[in-house]
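Here's the letter readout for the chains.
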Amino acid sequence: MALLYICLSVCVGAGIILSLKPYWKTGMEFLNRPNRPVSPIFVFLPSAYLIGTLILSWITYFLALAFKNYEKPLFYADTISFVIAVVFLTFLFLSHRERVKRLVYETKKYGISLNIKGTEWFVLISSVVFWTFFICRSLYLDGSYLRVGVSAFSDFGAHLPVIRSFSVGKNFPAQYPHFPDGTMRYHFMFYFMAGNLEFLGLTLPQALNIPSVLSLVSFSMLLYALCVFLTKKTQAGVLSCFLFAFRSSFAFFTYRNGFSSIKDFIHAVANNLNADGTYREHIGNTLHEDWGLWAQKVYINQRHLAFAYGLFIIVLFLMIPFFVETVEYAVKSLQPAKSEKSGLKNNKKPFGDYIKIILFSRQAWAVRSILPCVLSGIILGLMAYWNGAVVIAGISVLFIMAALSMHKLGYLVTAIITFALSVFQTRFFTASNTGVVSVKFNPGFLAESGSLKDIAAYYIELLGVFPFILTGVFIFHCARKSRHAAVIILVISLLLLILFIPSIGIFRAFLIILLLVLFYAALIYRSTNLKVCRISSWLIPVFAAPVVLATTLQLTPDVTVNHKYIILAVILLNIPVSDLLTEFFKSGTTFIVSVCLIFLLTCTGLVDMITLYNLDRNSVSYNLKDELLLWAMNETRPDDIFLTHYMTHYGAPMSIMLAGRSVYNGYPYFTITAGYDIAHREECMKKIYSAADENELRNLAISEGIDYIVIEDQNRNAAEYKLNEEIFYKTFGVAFQNGSITIFKVR
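Worth saying up front: this structure is predicted, and the values here are computed from it rather than measured.

Conventions we followed
- Each chain has its residues counted from 1, following the order in which its sequence is written.
- At least 70 in pLDDT is required for a residue's local features to be given in this predicted model, at least 80 for side-chain atom pairs to be given and counted, and no such filter applies to totals for whole chains, interfaces and linings, which use all residues.
- Hydrogen atoms and water are omitted, and side-chain values are computed over all heavy atoms in the structure.
- The helix count covers DSSP runs of H or I at least four residues long, the strand count covers runs of E at least two residues long, and both are numbered beginning at the N terminus.
- As a reference, a globule follows 2.2 Å times the number of residues to the power 0.38, and the radius of gyration itself is taken over C-alpha atoms.
- Any residue under 20% of the maximum accessible area for its type is buried, any over 50% is exposed, and the rest in between are partly exposed; the area is computed with a 1.4 Å probe on protein chains only.
- Any pair of residues with heavy atoms lying within 4.5 Å of one another is described as a contacting pair.
- Areas reported as accessible are Shrake-Rupley estimates using a 1.4 Å probe. Residue values count occlusion only from the protein chains shown.
- In this tally Asp and Glu are treated as negative and Lys and Arg as positive; neither His nor the chain ends contributes.
- Think of each charge as sitting on NZ of Lys, CZ of Arg, CG of Asp or CD of Glu.
- What pLDDT reports is the predictor's confidence in each residue, on a scale of 0 through 100.
- Here the expected span of a helix is defined as 1.5 Å times the quantity of residues minus one.
- The criterion for an aromatic pair is that two Phe, Tyr or Trp rings (for Trp, the six-membered ring) have centres within 6.5 Å, with stacked assigned to planes under 30 degrees apart, edge-to-face to planes over 60 apart and tilted to the rest.
- Over a ring means this: the NZ of a Lys or the CZ of an Arg is within 6 Å of the ring centre and within 35 degrees of the ring normal.
- Between any two strands, pairing holds if DSSP finds at least two bridges.
- Here the axes come from fitting lines to C-alpha atoms, over the contacting stretch only for helices, and the angles between their N-to-C directions go from 0 to 180 degrees.
- Salt bridges are counted wherever a side-chain nitrogen of Lys or Arg sits within 4 Å of a carboxyl oxygen of Asp or Glu.
- The cut-offs work like this: below 35 degrees is roughly parallel, past 145 is roughly antiparallel, 65 to 115 is roughly perpendicular, and the gaps in between are oblique.
- By convention, the crossing between two helices is left-handed when the near helix turns anticlockwise from the far helix through less than a right angle, and right-handed when the turn is clockwise.

1. Some words on the overall build of the protein chain
Turning to step 1, where the next piece is worked out: Looking only at helices and strands, the protein chain has 34 helices and twelve strands in total.
Turning to step 2, where the next piece is worked out: By the compact-globule yardstick of 27 Å for 747 residues, the protein chain fits well, its C-alpha radius of gyration being 28 Å.
Turning to step 3, where the next piece is worked out: Projected onto its principal axes, the C-alpha positions of the protein chain cover 105 × 70 × 50 Å.
Turning to step 4, where the next piece is worked out: In the protein chain, which comprises 747 residues, the proportion classed as buried is 57%.
Turning to step 5, where the next piece is worked out: Of the contacts made within the protein chain by residues no fewer than 6 positions apart, 77% connect residues no fewer than 24 positions apart.
Turning to step 6, where the next piece is worked out: With an accessible surface of roughly 31,300 Å², the protein chain has 63% of that area assigned to carbon and sulfur atoms.
Turning to step 7, where the next piece is worked out: Charged side chains in the protein chain number 61 positive and 45 negative. The centres of these two groups are separated by 17 Å.

Written out as structure tokens, the structure is:
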């Protein structure tokens, strides 16, 4: 049934897309010109999966909410969702009978032909193999034991309880299992969808792994398509997917600098070791880089991220034609005009004409086609509880795009719908207007300070040669008009690199600078022989918007969450970088320069991949047939709340949450970053475990809505309070006891 649900999601998405074809067809054909460099089916299939899953999951959730008082809300919700999907598809079939008959006839006559190009097959197959391998290594079943890879187990301490709260619990209306207070401040919908798939028959790993792989593969396909749409180069599309998987950073070189020999370096890379022989996780010296914030690991433990990124690419497909149209007009208007009488060029007003057209003309504000804007707003708005950070980053991209485009009111329509849907969901799930979001000016992100010097040093070390290759786009376009201007940009870029390059060794720094000099020289002196997409330099300020956002504002309790904005920006900025580097493939000398630069861009990512592989050689195990887990699942109510130690990744707390139950005050990092105020519950937890009076203990536990109190070794050894275990035996009855674990029933 679960696989049928996935298939129905794809079919529903396909039906929605096809039924709206008259409204998006013009824009997509505009992007896919000339001669359709991207196969339509290569965009259609991943879009159908993402859109269909988004819509059908929301329908299923609200239906389950309507049946919350029944024993199995998801049973009724899924049944009705299946009926709705079938009725919708039947309606579409009947509405387009002639077209369907013609399709069936052509299929019988000519067979099924997907018409997918060779490069597209390569992207599809390689992304399926790559991501399936790492996704499935990080979460799998071994008999009755759930094995969670070391790369993922920390974040899965939040995600697995959410999944289980739906699949074996009855979490309607949704609340956070780590902090059950009747609200849900965490973007939970991807994990609701996974929980529903487990309810429909998949194992827990399958229910999470299958949509995770589908999301990553769908995003890779759509990223390829977007890159080819904009650059008209299939090689650039392939390279953009490669750069997505393997990040750029100077971490490779700062790490290498600690070793005296290549042999020791290779041994350390292969075994996740530091230069001194101690164990490490991810390489990199910037703050939290060792967490794997920027590595492939982020997609392994943040399974909902690629799904939201993919949906945002669909939004770009709908909105970016307005921007491309404006740029094409601007390029024409900025061309020096010729005087009709003399034939001489007149350079007086082209830029002024561009400003006029994007600000002071009817086209600047008039909406040419309203429905793509409405659809974009609906998609972004419905994403709020799939991944709110992507919605915020996406809005920043569209904001700059709107500033540089005609048809600004269309962008405003998108923003209004997005805001309205996001606020509705926030009010619905949190009973507040802003939820976890609160705007705070906090310049610098994770740099040492908010000074421009520290910010520049931080981003150069974090992103490696990437910003300097990106600068090459401006150098190329300047060189075609003024070599002097191009040389000035070149000098400034190299001075910034020399000033802020981290400690990687003089010889390596010299080679990197020399390679960039050769790269820039080729751009300046061979600019007439290179065909770089005109739109590339216009895309940079648009796609860089999330970096500016991440560097200036803090919107959540933990500023580290801003890394999702920067990841999206870098993924999109890889498009002009890929356009530029693949253009260098055309001749032998520039080909060598391009290959060397691609190595510099991806060498850190390659080490990250080896690190990820090594991390998941080890795993954390949870016994799904654990006696406590089975007791909690069978003998307690789905809405019962357990007071446990706050370290919920291990022991009794995790067994309880894997049974679909909630803990009173879960792991602080999860609750604080989700926006919960934990101070009161922390104080109550300490008072309960250290209580000396029976009546006070009983009254406090009851007043806080606690149904069971757990005592295990974590409580006995806690530093936050001194446990008075005897009083619990006097005050409450023992509901469960196994070894060192005792659970008392409060009421």
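2. Considerations on the confidence of the model for the protein chain
Turning to step 1, where the next piece is worked out: Of the residues in the protein chain, 96% reach a pLDDT of 70 or more, and the chain-wide mean stands at 93.
Turning to step 2, where the next piece is worked out: Throughout residues 338-342 the model reports pLDDT below 50, and contacts reaching past four residues in sequence, or to other chains, amount to four contacts.

3. Considerations on helix 10 (residues 234-245)
Owing to its 3.6 residues per turn, the α-helix brings residues three or four apart onto one side.
Turning to step 1, where the next piece is worked out: If you check helix 10, its first and last C-alpha atoms are 17 Å apart, about what twelve residues at 1.5 Å a residue would give, namely 16 Å.
Turning to step 2, where the next piece is worked out: For helix 10, the complete set of buried residues consists of Ala236, Gly237, Leu239, Ser240, Cys241, Leu243, Phe244 and Ala245.
Turning to step 3, where the next piece is worked out: Turning to helix 10, the residues buried within the fold contact helix 6 (118-138), helix 9 (204-231), helix 13 (297-301), helix 26 (563-583) and helix 27 (588-615).

4. Let's talk about helix 21 (residues 466-479)
Turning to step 1, where the next piece is worked out: Here helix 21 spans 20 Å end to end across 14 residues, near enough to the 20 Å set by a 1.5 Å rise per residue.
Turning to step 2, where the next piece is worked out: Most of helix 21 is tucked away: eleven of the 14 residues are buried.
Turning to step 3, where the next piece is worked out: When we look at burial in helix 21, the residues that qualify are Phe466, Phe468, Ile469, Leu470, Thr471, Gly472, Val473, Ile475, Phe476, His477 and Ala479.
Turning to step 4, where the next piece is worked out: Elements that come into contact with the buried residues of helix 21 comprise helix 20 (452-463), helix 22 (483-500), helix 23 (506-525), helix 24 (536-543), helix 26 and helix 27.

5. Focus on the packing of aromatic side chains
Turning to step 1, where the next piece is worked out: Scanning the entire structure with this criterion turns up 69 aromatic pairs.
Turning to step 2, where the next piece is worked out: Here a set of aromatic residues connected by ring pairs shows up, and it is made of Trp58, Tyr61, Phe62, Phe166, Phe172, Phe188, Phe192, Tyr385, Phe424, Phe428 and Phe429.
Turning to step 3, where the next piece is worked out: Seen from the ring of Tyr613, Arg137 lies directly overhead, with NZ or CZ sitting 4.1 Å from the centre.
Turning to step 4, where the next piece is worked out: One cation-aromatic arrangement involves Arg185 over Tyr676; the distance from NZ or CZ to the ring centre is 5.7 Å.

6. Here we look at the sheet that holds strand 1 (residues 139-142)
Turning to step 1, where the next piece is worked out: Pairing within the open sheet is antiparallel, and its three strands lie in the order 1-2-7. Two strands close off the open sheet at either side, each with one partner strand: strand 1 and strand 7 (619-623). With strand direction ignored, the average angle separating the axes of adjacent strands in the sheet is 25°.
Turning to step 2, where the next piece is worked out: By the bridge criterion, five bridges tie strand 2 (residues 145-149) to strand 7 in an arrangement that is antiparallel. Among the inter-strand pairings, Arg147 is bridged to a residue of strand 7, identified as Ser621.

7. What to know about the pattern of salt bridges
Charged atoms that come close allow side chains of opposite charge to pair.
Turning to step 1, where the next piece is worked out: One pass over the full model with this rule turns up 17 salt bridges.
Turning to step 2, where the next piece is worked out: Glu328 serves as the salt-bridge partner of Arg33, at 2.2 Å between the closest nitrogen and oxygen. Placement of the pair is Arg33 in the loop between helix 2 (21-31) and helix 3 (40-66) and Glu328 in helix 14 (residues 304-333), with a sequence separation of 295 residues.
Turning to step 3, where the next piece is worked out: For Arg33, a relative accessible area of 31% corresponds to the partly exposed category.
Turning to step 4, where the next piece is worked out: Between Arg716 and Asp713 there is a salt bridge, and its shortest N-O distance comes to 3.1 Å. Of this pair, Arg716 and Asp713 both sit in helix 33 (residues 713-716), separated by three residues, roughly a single helical turn.
Turning to step 5, where the next piece is worked out: By relative accessible area, which is 39% here, Asp713 ends up partly exposed.
Turning to step 6, where the next piece is worked out: Residues participating in the shared-partner salt-bridge network are Arg637, Asp639, Asp640, Asp707 and Arg747.

8. Here's the deal with the environment of Leu89
Turning to step 1, where the next piece is worked out: Along the chain, Leu89 falls in helix 4 (residues 73-95).
Turning to step 2, where the next piece is worked out: Spatially, the C-alpha atom of Leu89 lies 35 Å from that of Lys232, the residues being 143 residues apart in sequence.
Turning to step 3, where the next piece is worked out: Not counting residues within four places of it along the chain, the set of residues in contact with Leu89 comprises Leu8, Cys11 and Val12.

9. Observations regarding the sheet that holds strand 11 (residues 733-738)
Turning to step 1, where the next piece is worked out: Spatially, 9-8-10-12-11 is the arrangement adopted by the five strands of the open sheet, whose pairing is mixed. Since the sheet does not close on itself, it has two edges, and those belong to strand 9 (662-663) and strand 11, each with one partner.
Turning to step 2, where the next piece is worked out: Across five bridges, strand 11 lies against strand 12 (residues 741-745) in antiparallel orientation. If you follow Asn738 over to strand 12, its bridge partner there is Ile741.
Turning to step 3, where the next piece is worked out: Each of strand 8 (641-643) and strand 10 (708-711) touches helix 31 (residues 679-689); the most contacted strand, strand 10, lies at about 70° to it.

10. Focus on the packing of helix 8 (residues 189-199) against helix 9
Turning to step 1, where the next piece is worked out: Interhelical geometry of helix 8 versus helix 9 gives an angle of 130° and a closest axis separation of 8 Å. On the basis of the axis angle, helix 8 is oblique to helix 9. Of the two elements, helix 8 crosses helix 9, and the hand of that crossing is right-handed. On the side of helix 8, the interface is formed by Phe190, Tyr191, Met193, Ala194, Leu197 and Glu198, while helix 9 contributes Leu204, Ala207, Leu208, Pro211, Ser212 and Ser215.

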